Amino acid sequence: MLVHIVIPALGDIVRLVLTLLAIAVPVFCALKGYGVVKTNLVSLPIVFVILVLGAYLSHAYPLLLLKIMGFDLQGMNEAERLLMVAPALKDTATEIYSTIFGIGWPLKAMLAMIFVSPYPTAVWVGWTLVKSGLKKA
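First, a word on scope: everything that follows refers to the structure included in this document.

**Quick notes on a nonpolar patch on the surface**
Residues Ile103, Leu107, Met110, Leu111, Ile114 and Phe115 make up a contiguous nonpolar surface patch of roughly 630 Å² in combined accessible area. Note that Ile114 resides in helix 5 (residues 105–116).

If you want it as structure tokens, here you go:
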């Protein structure tokens, strides 16, 4: 049962680290003094890789949990899929199985990149405004 405590915590830690990295890379570039073009050229590919990794892990993580629980994804009905799952985990496995449907991870990554792509420029503009405000004061 320890595995069912450690694996979800590990998933949360990985998600937190990826989020912090995606936030920190443009901030680091702005603090380093890069221009707007260099900030975007350096941070966007790194953030893109982080987003792709995060989108893939959001797809692979529930499948890993189901595999650890003994869930059979090849089963033809719910009884076959839950055959090897411990009785205490059957409801949890059914809930996790229902969450794996929806848009695929590549589309999630593309949509995330569309929404995140202005972030490095916004960080650079914000840092430039703060710097100019500090010089005036």
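**Some thoughts on the environment of Leu64**
Tracing the backbone through its elements, the reader meets Leu64 in helix 2 (residues 36–69). For Leu64 and Ile7, which are 57 residues apart along the polypeptide, the C-alpha to C-alpha distance reads 9.1 Å.

**Quick notes on the side chain of Asn40**
With respect to the element layout, Asn40 can be found in helix 2. Apart from the residues within four sequence positions on either side, Asn40 is in contact with Pro45, Pro120 and Thr121.

**Description of the packing of helix 2 against helix 4 (residues 90–99)**
At their nearest, the axes of helix 2 and helix 4 sit 10 Å apart, and the two run at 150° to each other. Here helix 2 is positioned roughly antiparallel relative to helix 4, judged by the angle of their axes. In this structure, helix 2 crosses over helix 4, and the sense of that crossing is left-handed. Taken together, the residues of helix 4 that come into contact with helix 2 (itself represented by Pro62, Leu65, Leu66 and Met69) are Thr92, Ala93, Ile96 and Tyr97.

**A closer look at the packing of aromatic side chains**
This model, assessed by the stated rule, comprises three aromatic pairs. Ring centres of Tyr56 and Trp105 lie 5.2 Å apart, and the angle between their planes is 75°; on these two criteria the pair is classed as edge-to-face. Taken together, the residues Tyr56 in helix 2 and Trp105 in helix 5 connect sequence positions 49 residues apart. Classification of Tyr56 by relative accessible area gives partly exposed; the value is 39%. Judged by centre distance (5.2 Å) and plane angle (85°), the ring pair of Tyr97 and Phe101 falls under edge-to-face. The class for Phe101 is exposed, based on a relative accessible area of 54%. Each member of the aromatic cluster is reached from another via a ring pair, and the members are Phe71, Tyr97 and Phe101. One cation-aromatic arrangement involves Lys38 over Tyr34; the distance from NZ or CZ to the ring centre is 4.3 Å.

Reading the values: rules and limits
Residues numbered from 1 in each chain as written. Predicted model: local features only at pLDDT ≥ 70, side-chain atom pairs only at ≥ 80, totals over all residues. Heavy atoms only, no water. Patch = residues over 30% accessible without salt bridge, like charges linked within 9 Å, V, L, I, M, F, W, Y side chains within 5 Å. Areas by Shrake-Rupley, 256 points an atom, 1.4 Å probe, with all protein chains shown as cover. Salt bridge = Lys/Arg side-chain N within 4 Å of Asp/Glu carboxyl O. Helix = DSSP H or I, 4+ residues; strand = E, 2+ residues; numbered from the N terminus. Contact = heavy atoms within 4.5 Å. Axes fitted to C-alpha atoms, helices over the stretch in contact; angles between N-to-C directions. Parallel < 35°, antiparallel > 145°, perpendicular 65-115°, else oblique. Left-handed = near helix turned anticlockwise from the far one by under 90°. Phe/Tyr/Trp six-rings, centres within 6.5 Å; stacked < 30°, edge-to-face > 60°. Buried < 20%, exposed > 50% of the residue type's maximum accessible area, 1.4 Å probe, protein only. Lys NZ or Arg CZ within 6 Å of the ring centre and 35° of its normal.

Scope: geometric values only; no functional claims are made or implied.
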